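Chains, contacts and geometry: an overview
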Amino acid sequence: AEQLHAVLNEIRRMGLVLDGVGRMKHELPSTRHFAIDQAVREAFAVLVPQAHGRGIRTSAHIETLPLLPFDASAMRAIVFNLVTNAIHACRSGDTISIKLQREGETLLMEIRDTGAGMSPEVKVRCTELFFTTKPRGSGIGLALVQDLTSSANGQLHIESLPSQGTAISVRLPLPA
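A quick note: this is a predicted structure, and the numbers were derived from the prediction, not measured.

Let's shift gears to the packing of helix α2 (residues 36-53) against helix α3 (residues 72-89). Between α2 and α3, the least distance of the axes is 9 Å, while the angle of their chain directions is 30 degrees. On the basis of the axis angle, α2 is roughly parallel to α3. Of the two elements, α2 crosses α3, and the hand of that crossing is right-handed. Counted together, Ile 36, Ala 39, Val 40, Glu 42, Ala 43, Phe 44, Leu 47, Gln 50 and Ala 51 of α2 and Ala 72, Met 75, Arg 76, Val 79, Phe 80, Val 83, Thr 84, Ile 87 and His 88 of α3 form the full contact between these two elements. Looking at the contact of α2 with α3, its residues break down into 13 nonpolar, 3 polar and 2 charged.

Okay, here's the thing in structure tokens:
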């Protein structure tokens, strides 16, 4: 049963990887309504074992929300890319947290880590397509998040300091 659970978790993680890199030039807004809170919970839950395996603590505050006109797989791609980057920036003993909540007419998702942080030079370029500081990185993740956020007329905000971690917030306007 343990091995089956591990295999199923890896299949889910691979699905997130495909969403995470296969969403270029897709849009976050949707004509259909989805359970975005559930999509975010699922994507985060799939990555938690990887974080815990590296000694990284995790926490989640995900508000229960009504169905929203955002594509669930696009939202999972955002979570996958941001949390994967956080995992790569952290060391054993660091923390990653995710928050999803409604703030008035805005949906706020925030991912914080206490990892390595970014230098000002890296922060300026981090959303450029194919820019990466990782030896095996693709430079697609943050560019994809920026593209999806923009497609919904949202805002991507990045706060980061070397050796102090990173906080990335995605703010999406909600329909009236």
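On to the nonpolar core, then. Core analysis: the largest hydrophobic core is formed by 47 residues, its most contacted members being Leu 28, Ile 36, Val 40, Phe 70, Met 75, Ile 78 and Leu 107. Contributing elements (two or more residues each) for this core: α2, β3 (68-70), α3, β4 (95-103), β5 (106-113), α5 (141-151), β6 (155-161) and β7 (165-173). No other element matches α3, which puts 11 residues into this core. When sequence neighbours within four positions are dropped, the list of residues in contact with Leu 107 reads Ile 36, Leu 65, Leu 68, Phe 70, Met 75, Leu 100, Gln 101, Val 170, Arg 171, Leu 172 and Leu 174.

Once that is clear, we can look at α5. Buried residues of α5: Gly 141, Leu 142, Ala 143, Leu 144, Val 145, Leu 148 and Thr 149, and no others. Of the residues one or two after α5, Asn 153 is the one with positive phi, at around 55 degrees.

With that settled, consider the pairing of β5. A large share of β5 lies buried, amounting to 6 of its 8 residues. Looking at chain direction, β4 and β5 are connected through 8 bridges and run antiparallel. Each residue of the ladder has a partner; that of Leu 100, found in β5, is Met 109. Where β4 folds back on β5, the antiparallel hairpin that results is connected by 2 residues, among which Gly 104 adopts a positive phi of roughly 65 degrees.

With that settled, the discussion passes to the pattern of salt bridges. Applying the stated rule across the entire model yields 6 salt bridges. With a shortest N-O distance of 2.8 Å, Arg 171 and Glu 103 are connected by a salt bridge. Remark: Glu 103 occurs in strand β4 and Arg 171 occurs in strand β7; sequence separation between them is 68 residues. Residue classification places Arg 171 among the partly exposed positions, given a relative accessible area of 32%. Its relative accessible area of 32% is what places Glu 103 among the partly exposed residues.

Okay, the pairing of β7 next. With respect to burial, β7 is a largely interior element, 7 of its 9 residues being buried. Between the antiparallel neighbours β6 and β7 lie 3 residues, among them Ser 163 with a positive phi of about 65 degrees.

The subject of this paragraph is the packing of α3 against α5. The interhelical angle for the contact between α3 and α5, taken along N-to-C directions, is 145 degrees, at an axis separation of 9 Å. Between α3 and α5 lies a crossing of left-handed hand. The residues of α5 that touch α3, namely those facing Ala 74, Ala 77, Ile 78, Asn 81, Leu 82 and Asn 85, are Gly 141, Leu 142, Leu 144, Val 145 and Leu 148. The residue inventory of the contact of α3 with α5, partitioned by class, reads 8 nonpolar, 3 polar and no charged.

What follows deals with the sheet that holds β5. One open sheet accounts for 5 strands, arranged β2-β4-β5-β7-β6; its pairing is mixed. If you trace the sheet from one side to the other, it starts and ends with β2 (57-62) and β6, each paired once. Strand-to-strand twist across the sheet, computed as the mean angle between neighbouring axes with direction ignored, equals 10 degrees. Of the strand pairs in this sheet, β2 and β4 are connected by 6 bridges, and their pairing is parallel. When the sheet's bridge partners are listed, Ile 62 is paired in β4 with Leu 100. Running at roughly 175 degrees to β2, α2 makes contact with β2, β4 and β5 of the sheet.

The rules we used
All chains use their own residue numbering, which begins from 1 and follows the written sequence. Restriction of local features to residues with pLDDT of at least 70 applies here, the model being predicted, together with a cutoff of 80 or more for giving and counting side-chain atom pairs; totals for whole chains, interfaces and linings are based on all residues. Side-chain measures were taken over the full set of non-hydrogen atoms in the model, leaving aside hydrogen atoms and water. Axes here mean lines fitted to C-alpha atoms, for a helix over just the part in contact, with angles spanning 0 to 180 degrees between N-to-C directions. For helices the rule is a DSSP run of H or I covering at least 4 residues; for strands it is a run of E covering at least 2, with both sets numbered from the N terminus onward. Angles below 35 degrees are treated as roughly parallel, those above 145 as roughly antiparallel, those between 65 and 115 as roughly perpendicular, and all remaining angles as oblique. Definitions for this section: a left-handed crossing has its near helix turned counterclockwise from the far helix by less than a right angle. A right-handed crossing has that turn clockwise. Contacts were defined at the residue level, with two residues in contact if any of their heavy atoms lie within 4.5 Å. When residues are grouped by polarity, Ala, Val, Leu, Ile, Met, Phe, Trp, Tyr, Cys and Pro land in nonpolar, Asp, Glu, Lys and Arg in charged, and all others, Gly among them, in polar. Residues enter a nonpolar core if they are buried and are Ala, Val, Leu, Ile, Met, Phe, Trp, Tyr or Cys, with the set joined through side-chain atoms within 4.5 Å. Summary of the burial criterion: residues with accessible area below 20% of their type's maximum are buried, those above 50% are exposed, and those between are partly exposed, where the area comes from a 1.4 Å probe applied to protein chains only. Here a strand pair is declared whenever DSSP counts at least two bridges between the two strands. Between Lys or Arg on one side and Asp or Glu on the other, a salt bridge is scored when a side-chain nitrogen of the former is within 4 Å of a carboxyl oxygen of the latter.

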